[in-house]
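# Structural overview for review
For reference, the chains in residue letters:
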Amino acid sequence: MITASGVSKRFGAKQAIRDLSLSVGRGEVVGLLGPNGSGKTTMVRLFNGLLRPDAGGVRVDGRDPLVDGDAVRAASGVLTESAEFYGHLSALDNLRFFADLYGVSDPTRPRSLLEEVGLGDDLHRRVATFSTGMRKRLGFAKALLHDPRVLFLDEPTNGLDPDGTRAVLATIRRLNRTRGTTILICSHLLQQLETVCHRYLFIDAGRLIEQGTLAELKARYREAVLLEVDTDLEPAAAEAHGRAFEVAQVDGRRKLTFRLDDRAEVPGFLRRLVASADVYGAHVVEQGLEELYFAIREEKVA
């Protein structure tokens, strides 16, 4: 659905993209991850025909955006970090204007989208008076106006409050689940991506350095297992069991976190611990996307 093959792009002395190849399958939600300046936004612009690659090529829904730009834009919705609007117009009038450009025939669509993204009470406010978060919600609504098959979302929740973030993520999940929308998300808010993405692409300095599902990445970069135990064991006694690196006291009991080499060690470790102290609860602290991100960069980035 979305592919890049051997793409390179330079801006003056800066090599933004270096021989990068990637793919996003139809119906996938994929996170494109990397630090600021790694090439995420440049790739979104290349996919939408706003930039021409110096080498290689890109395809969206089987089309070259430089050759079939109108068709690609008709199939794609794009949310950039700084979506532009007409400040003197209301939110509703802005969406009506863009709906006309996109050829949207349903006259109720602008209003219903504004209500969906939480701007139902601000339909008639001039966009010039909007906060950053409100403009981001408006940009998201604009990206959805023509019911696109593909969405490119560049930092879609940046600047949003918790309610706005929840609404955007819920809409992403709904669009993918009910309509099969293919979605490429660029974001540095990694915990949020865990709730919506099927797979992740990691780039650095314009190069693809890793990719995979969360389960695949955990299997490749699994660190020591962290076991959090709720117990009355004294800190000094905990040292006999080894590798306790965090001690917190809650309601007279202690929460100790032990580092084990492998999940298979957990049952035997708990049996030994129970033999010497009361244990009220225990759970493995799961490794999340943020921890994997840093593990990947530590290994792959020189």
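So, here's what we can say about the structure. (Residues numbered from 1 in each chain as written. Predicted model: local features only at pLDDT ≥ 70, side-chain atom pairs only at ≥ 80, totals over all residues. Heavy atoms only, no water.)

## Overview of unusual backbone geometry
Residue Asp-61 is not a glycine yet carries a positive backbone phi of 55 degrees. Phi angles above zero are rare outside glycine, and Ala-205 is one such case at about 50 degrees.

## Quick look at the environment of Asn-94
Checked against the element boundaries, Asn-94 lands in helix α3 (residues 91–102). Note: C-alpha distance between Asn-94 and Pro-110 (16 residues apart in sequence) is 8.9 Å. Apart from the residues within four sequence positions on either side, Asn-94 is in contact with Phe-85, Tyr-86, Leu-89 and Val-127. A distance of 3.5 Å separates a polar side-chain atom of Asn-94 from the backbone oxygen of Leu-89. (Helix = DSSP H or I, 4+ residues; strand = E, 2+ residues; numbered from the N terminus. Contact = heavy atoms within 4.5 Å. Polar contact = N/O pair within 3.5 Å; in protein donor to acceptor, adjacent residues only side chain to side chain.)

## Points about the nonpolar core
Counting 49 residues, the largest nonpolar core has Leu-138, Ile-172, Ile-185, Tyr-200 and Phe-202 as the members making the most contacts within it. Top element by residues in this core is helix α5 (residues 132–144). It accounts for six residues. Setting aside residues no more than four positions away along its own chain, Ile-172 makes contact with Val-29, Phe-140, Leu-153, Ile-183, Ile-185 and Val-196. Formed by 25 residues, the second largest nonpolar core is a distinct cluster that contains Ala-16, Val-24, Phe-47 and Leu-51. (Core = buried A, V, L, I, M, F, W, Y, C linked by side-chain atoms within 4.5 Å. Buried < 20%, exposed > 50% of the residue type's maximum accessible area, 1.4 Å probe, protein only.)

## Let's talk about a nonpolar patch on the surface
Together, Tyr-86, Phe-97 and Leu-101 line one region of the surface with nonpolar side chains, adding up to about 310 Å² of accessible area. Position of Phe-97 among the secondary structure elements: in helix α3. The exposure class assigned to Phe-97 is partly exposed, which follows from its relative accessible area of 33%. (Patch = residues over 30% accessible without salt bridge, like charges linked within 9 Å, V, L, I, M, F, W, Y side chains within 5 Å. Areas by Shrake-Rupley, 256 points an atom, 1.4 Å probe, with all protein chains shown as cover. Salt bridge = Lys/Arg side-chain N within 4 Å of Asp/Glu carboxyl O.)

## Quick word on the packing of aromatic side chains
Geometrically, a pair of aromatic rings is defined through the distance of the ring centres and the angle of the planes. On inspection of all chains with the given rule, the structure shows seven aromatic pairs. Seen from their ring centres, Phe-202 and Tyr-293 are 6.4 Å apart, and the 35 degrees between their planes marks the pair as tilted. A residue pair is termed long-range when its members are at least 10 positions apart, and Phe-202 in strand β8 (residues 199–204) and Tyr-293 in helix α11 (residues 289–300) qualify at 91 residues. On the basis of relative accessible area, Phe-202 is assigned to the buried category, the value being 1%. Residue classification places Tyr-293 among the buried positions, given a relative accessible area of 10%. The interplanar angle of 80 degrees and the centroid separation of 5.2 Å between the aromatic rings of Tyr-293 and Phe-294 together place this pair among those described as edge-to-face. Members of the aromatic cluster, each reached through a chain of ring pairs, are Phe-85, Tyr-86, Phe-97 and Phe-98. (Phe/Tyr/Trp six-rings, centres within 6.5 Å; stacked < 30°, edge-to-face > 60°.)

## Here's the deal with empty space enclosed by the protein
Scanning the entire structure with this criterion turns up one cavity of 30 Å³ or more. Of the volumes computed, that of the largest cavity is approximately 40 Å³. Along the walls of the largest cavity sit Pro-156, Thr-157, Leu-169, Ile-172, Ile-185, Ser-187, Gln-192 and Leu-193, which together make up its complete lining. Listing elements by their share of the lining of the largest cavity, those giving two or more residues are α6 (162–179) and α7 (190–193). Of the residues belonging to the lining of the largest cavity, the class tally is five nonpolar, three polar and no charged. (1 Å grid on protein atoms, 1.4 Å probe; cavity = no way out; pocket = protein on both sides within 12 Å on 5 of 7 lines; lining within 4 Å. Points joined across faces, edges and corners; volume = space filled by probe spheres on them. Nonpolar A, V, L, I, M, F, W, Y, C, P; charged D, E, K, R; others polar.)

## Remarks on the sheet that holds strand β4 (residues 55–60)
The three strands lie next to each other as β2-β1-β4, forming an open sheet whose pairing is antiparallel. The two strands at the open ends of the sheet, each matched to only one other strand, are β2 (14–24) and β4. For this sheet, the mean angle separating the axes of adjacent strands, direction not counted, is 25 degrees. Lying over the sheet, helix α1 (residues 40–47) contacts β1 (2–11), β2 and β4, oriented at roughly 115 degrees with respect to β1. (Pairing = 2+ DSSP bridges. Axes fitted to C-alpha atoms, helices over the stretch in contact; angles between N-to-C directions.)

## A few points about the packing of α5 against α6
With their axes 11 Å apart at the nearest point, α5 and α6 run at an angle of 15 degrees to one another. The pairing of α5 with α6 is recorded here as roughly parallel in orientation. Considering how the two elements wind past one another, α5 and α6 form a crossing that is left-handed. Residues Arg-137, Phe-140 and Leu-144 of α5 form the contact with α6, whose own contacting residues are Asp-163, Gly-164, Val-168, Thr-171, Ile-172 and Leu-175. Grouping the constituent residues of the contact of α5 with α6 by class yields five nonpolar, two polar and two charged. (Parallel < 35°, antiparallel > 145°, perpendicular 65-115°, else oblique. Left-handed = near helix turned anticlockwise from the far one by under 90°.)

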